[in-house]
Amino acid sequence: MKADLLRPFEQIPYFTIEGFRQSTGMDSPEQTRMLLHRWVKAGRILPLKKGMYMTNRFYELHVRDTLFTEAISAIIFPQSYLSLEFVLQKHNILTEVTYPVTCITPKNTRRIVNQIGTFWYRNIRPDLYYGFAAGEYNGIPFFTASLAKALFDFKPNEKLRQTMIAYDRLLLVDDPRRVETKKPLGPKARKKKQKSKR
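The rules behind each value
- Counting from 1, residues in each chain are numbered in the order their sequence is written.
- Given that this is a predicted model, residues contribute local features only at a pLDDT of at least 70 and side-chain atom pairs are listed and counted only at 80 or more, while totals for whole chains, interfaces and linings are drawn from all residues.
- Note that water and hydrogens are dropped before the side-chain values are worked out from all heavy atoms of the structure.
- Aromatic pairing here means that ring centres of Phe, Tyr or Trp (its six-membered ring) are within 6.5 Å. Orientation follows from the plane angle: under 30 degrees is stacked, over 60 is edge-to-face, and everything else is tilted.
- In DSSP terms, a helix is any run of H or I states spanning at least four residues, a strand is any run of E spanning at least two, and both are numbered starting from the N terminus.
- Only protein chains enter the calculation, and the probe is 1.4 Å; a residue is then buried if its accessible area is under 20% of its type maximum, exposed if over 50%, and partly exposed in between.
- Only when the NZ atom of a Lys or the CZ atom of an Arg is both within 6 Å of the ring centre and within 35 degrees of the ring normal do we say a charge sits over the ring.
- Residues forming no salt bridge and having over 30% relative accessible area are the ones grouped into patches, like charges within 9 Å of each other and nonpolar side chains (Val, Leu, Ile, Met, Phe, Trp, Tyr) within 5 Å.
- Areas reported as accessible are Shrake-Rupley estimates using a 1.4 Å probe. Residue values count occlusion only from the protein chains shown.
- By convention in these notes, a salt bridge is any Lys or Arg side-chain nitrogen within 4 Å of a carboxyl oxygen on Asp or Glu.

Draft legend 1. Up close: the packing of aromatic side chains. Here the structure, examined in full by the defined rule, presents twelve aromatic pairs. Between Phe132 and Phe143, the aromatic rings sit 5.4 Å apart at their centres with planes inclined by 70°, giving edge-to-face as the arrangement. Taken as a pair, Phe132 in strand E8 (residues 132-137) and Phe143 in strand E9 (residues 140-145) lie far apart in primary sequence, eleven residues in all. Look at Phe143 and you get partly exposed, because its relative accessible area is 28%. What links up through ring pairs into an aromatic cluster is the set Phe9, Phe15, Phe20, Trp39 and Tyr53. The ring of Trp120 carries Arg122 above its face, with NZ or CZ at 5.7 Å from the centroid.

Draft legend 2. Focus on a nonpolar patch on the surface. Taken together, the side chains of Ile93, Leu147 and Leu151 present a nonpolar region at the surface, about 240 Å² in accessible area. Along the polypeptide, Leu147 turns up in helix H6 (residues 147-154). A residue is classified by how much of its surface remains accessible, and Leu147, at 30% relative accessible area, is partly exposed.

Shown next, in the form of structure tokens:
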């Protein structure tokens with residue numbers, strides 16, 4: 001039965017047309033597209049963007065998770081980070097509720113609307129594409145701007161950038177050389193010297 005073909009995909013966040021065709025062993029790409037189109041109409045799968053889908057079962061299980069929307073934004077357009085209104089609302093800076101998920105990308109500006117929501121990807125110059133931290137949800141890496149970077153992304157200009165860097169460089173630029181925090185019940189972060197096993 002063809003409905004059984006969808007069962008393995010209920011545990012993964014998303015799949016593509018080609019990935020579905022290869023894993024199910026279907027010969028014809030047209031037949032695969034037709035089957036997925038029927039499942040979209042029946043409500044069994046949700047289209048995230050052209051050629052990319054999520055099962056309705058996975059959506060129902062995970063839609064209430066706090067990082068679900070962030071992960072979806074990274075699935076739709078991987079070379080982006082969450083910023084602008086989305087981050088400001090998350091930090092309780094905005095007084096009104098904004099529904100679109102706003103992201104920054106060095107690629108062209110685009111808006112993607114699907115059944116999960118509206119996702120705005122706004123363009124920024126490639127030399128200003130920094131100042132975000134990595135996160136992960138269900139194996140999907142996503143990136144979120146710091147609060148200062150989200151404010152800066154609204155209207156980036158060189159004078160504001162220099163002022164923020166002069167005040168505290170880490171507001172806009174992530175520094176991986178920070179000191180590791182002390183672990184509970186221990187004298188310092190790493191008491192023993194780490195060994196490399198090769």
